[in-house]
Amino acid sequence: MQFRDLHAQYEALKPEIDTGIQAVINSSAFILGKPVAELEEKLAAYVGRKHCVGVANGTEALQLALMAYDVGPGDAVFTSDFTYFASAGCASIIGATPVLVDIDLDTFNMSPAALERAIQKTLAEGKLKPRVIIPVDLFGLPANYPEIKAIARRYDLLILEDAAQGFGGQIDGKLACSFGDISATSFFPAKPLGCYGDGGAIFTDDDAIDARLRSLRASGKSPEDKYDNREVGMNSRLDTLQAAILLPKFKAFADYEVDAVNRVAERYTAALKDKVVTPTVPAGYLSSWAQYTVLLPDRKTRDRVQAALKEQGIPSMVYYPRGLHQQKAYAWMRLSDTDYPNTIEATNRVLSLPMHPYLKPEDQDTVIRALLEAL
Ligand SMILES: *Cc1c(COP(=O)(O)O)cnc(C)c1O
C-alpha cells in the first residue's frame, strides 16, 4: 500500500499525459511554451482570479509574492507555527522576520486569536513593522479567512495565502487561492494537484503585481528588453513539460478527484470518529485533503499505533514532528514551547493516514482495521 499512490493516477491518465509530454518535446519550446500559458489561464479561471503566474516551486511562489510587494528587512510576517518550513522561510530569505503564531487544534490552522495577540505584541515592542499575514491552508483545509481578513483590515496588513496544500479547498463555494490579496500554491508531486517534479503558481487580481511577478520570475527582465533588467529577480519559471503534465491532471482533479478524495475522507471519518479525533471541517468549508490527519490520545499511543501499522506494511506519517519555533533555523528567536501549546499538542498526537483519490475501499478497510486493533 502507498501513502499517496501517484502511479494509480498515472495509469488512469497515461494516454493524455504521454501525448502532452511528447508534444512539448516535438515543439522544443521547453521554457514558457504554450502549455504554461494555457495552464495559467485554466487555473486562474478555476479559482476565480484574474491572473495566474506559473513558477518553479511553491517555496519560490511565496518568496516572489513577498518580493512583488517589496517586503523585506524590518517587516514582520505572521505565519503559522505548525506547517512546512517554507511558510516562514520565504520571509527570512528576503530579510523579513517571521513571527510564528499558534494554531487551533481542531483545524490545525492559524488561530485568529493568537494572530491578533502576536500583532499587538509586535506593535508594542516597536522593532518590526507588521506587514503580511501568511495563513496556511494546512492538510487541504482553508484557514479561517473570515476572521483573519477582519484582523488584516484592522491592522492594515496584506494577506498572502499559502495554499501549497490547499488547492481545491473551498469556503462557501469560493476556492482556495482566491482568499489572499495574493495566493501561492505548489505542484510538488504529493500535493493535491501535483506535477512530475517541482512546480508552483501565484494568483492575483492586480495587473501591476501580475506584470511584476512575470518580470521577477525571469530575473527581473524589462518587458520591452529582456537584456535590460529593471530589478533583481529570480530564475523561477514553471517548466513547459510540467505544465503539459498538469493540464490533464488538472482536468481529472477538477472533474472527479476532489469528489473522490472527499468520499475517502468520509469513509475514514465514519469508521474512526468514535475512537480517535478525526479532522474537523467547519460548516461551509471543503477540504482537498492533502492529508487525512487524526489525533491520538498521546505521543506514546501515537508512536505505538504508527509502529503497529508499519508492521502490517501500512505507511503513515507524522506531519509535523515539530513546530517551526522548535527548528534549528529559528533557535535564535528563543521561543518557548509554552507560547505554542496547540502546536506542541499536535506534534505529540498527530498521525496522517494513507490518502489519495485512488485509494481502494479494501485498502482503506485494511488501514481502519489495523488502526482500531492497535488502539
Ligand atoms: C509544500 C509546501 C510548500 C513549498 O512548496 P514546494 O513546491 O515544495 O517548494 C510551502 N508551504 C506549504 C504549507 C507546503 O506544504
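Higher on the page you've got the structure.
Starting afresh in each chain, residues are numbered from 1 along the sequence in its written order. Two thresholds apply to this predicted model, a pLDDT of at least 70 for residue-level local features and 80 or more for giving and counting side-chain atom pairs, whereas whole-chain, interface and lining totals are computed over all residues. Water and hydrogen atoms were dropped before computing side-chain values, which therefore reflect all heavy atoms in the structure.

A. Expanded view of the packing of aromatic side chains. Stacked, edge-to-face and tilted labels apply to pairs of Phe, Tyr and Trp rings (six-membered ring for Trp) whose centres lie within 6.5 Å, assigned for plane angles under 30 degrees, over 60, and everything in between, in that order. For the coordinates displayed, the defined rule picks out 17 aromatic pairs. Among the aromatic side chains, those forming a connected cluster through ring pairs are Phe-3, Phe-82, Phe-108, Phe-139, Tyr-319 and Tyr-320.

B. Expanded view of the side chain of Thr-301. Position of Thr-301 relative to the elements: it lies in helix H9 (residues 299-311). On the basis of relative accessible area, Thr-301 is assigned to the buried category, the value being 12%. As used in this structure description, the phrase polar contact means that two N or O atoms lie within 3.5 Å; if the pair is within protein, one of them must be able to donate a hydrogen and the other to accept it, and residues adjacent in sequence are counted only when both atoms belong to side chains. At a separation of 2.6 Å, a polar atom in the side chain of Thr-301 contacts the side chain of Asp-298. In DSSP terms, a helix is any run of H or I states spanning at least four residues, a strand is any run of E spanning at least two, and both are numbered starting from the N terminus. To sort residues, take the accessible area from a 1.4 Å probe on protein chains only and compare it with the maximum for the residue type: under 20% means buried, over 50% means exposed, and anything in between is partly exposed.

C. Structural context of the site of the ligand. Here a residue is near a molecule or strand as soon as one of its heavy atoms is found within 4 Å of it. In the region of the ligand, 15 residues are neighbours, and Gly-58, Thr-59, Gln-165, Ser-186 and Lys-191 sit closest. Here an oxygen atom of the ligand sits 2.8 Å away from a polar atom, N or O, in the side chain of Gln-165. A distance of 2.7 Å is found between an oxygen atom of the ligand and a side-chain nitrogen or oxygen belonging to Ser-186. Considering the ligand on its own, with 380 Å² of exposed area, one finds that the protein chains cover 93% of that surface. Those elements that provide at least two residues to the shell around the ligand are helix H3 (58-68) and helix H4 (86-92). Looking at the shell around the ligand element by element, the count peaks at three residues for H3. In this classification, the charged set is Asp, Glu, Lys and Arg, the nonpolar set is Ala, Val, Leu, Ile, Met, Phe, Trp, Tyr, Cys and Pro, and all remaining amino acids, among them Gly, are polar. Its residues assigned to classes, the shell around the ligand shows five nonpolar, eight polar and two charged. Surface accessibility in these figures is a Shrake-Rupley result with a 1.4 Å probe; residues are shielded only by whichever protein chains are displayed.

D. Expanded view of the sheet that holds strand E10 (residues 285-286). Here, a strand pair is defined by DSSP locating no fewer than two bridges between the strands. Pairing within the open sheet is antiparallel, and its three strands lie in the order E7-E6-E10. Of all the strands in the sheet, just strand E7 (174-175) and E10 have a single pairing partner and so form its edges. Summarising the sheet, strand E6 (residues 170-171) and E10 pair through two bridges and their orientation is antiparallel. Directly across from Gln-170, in E10, lies its bridge partner Leu-286.

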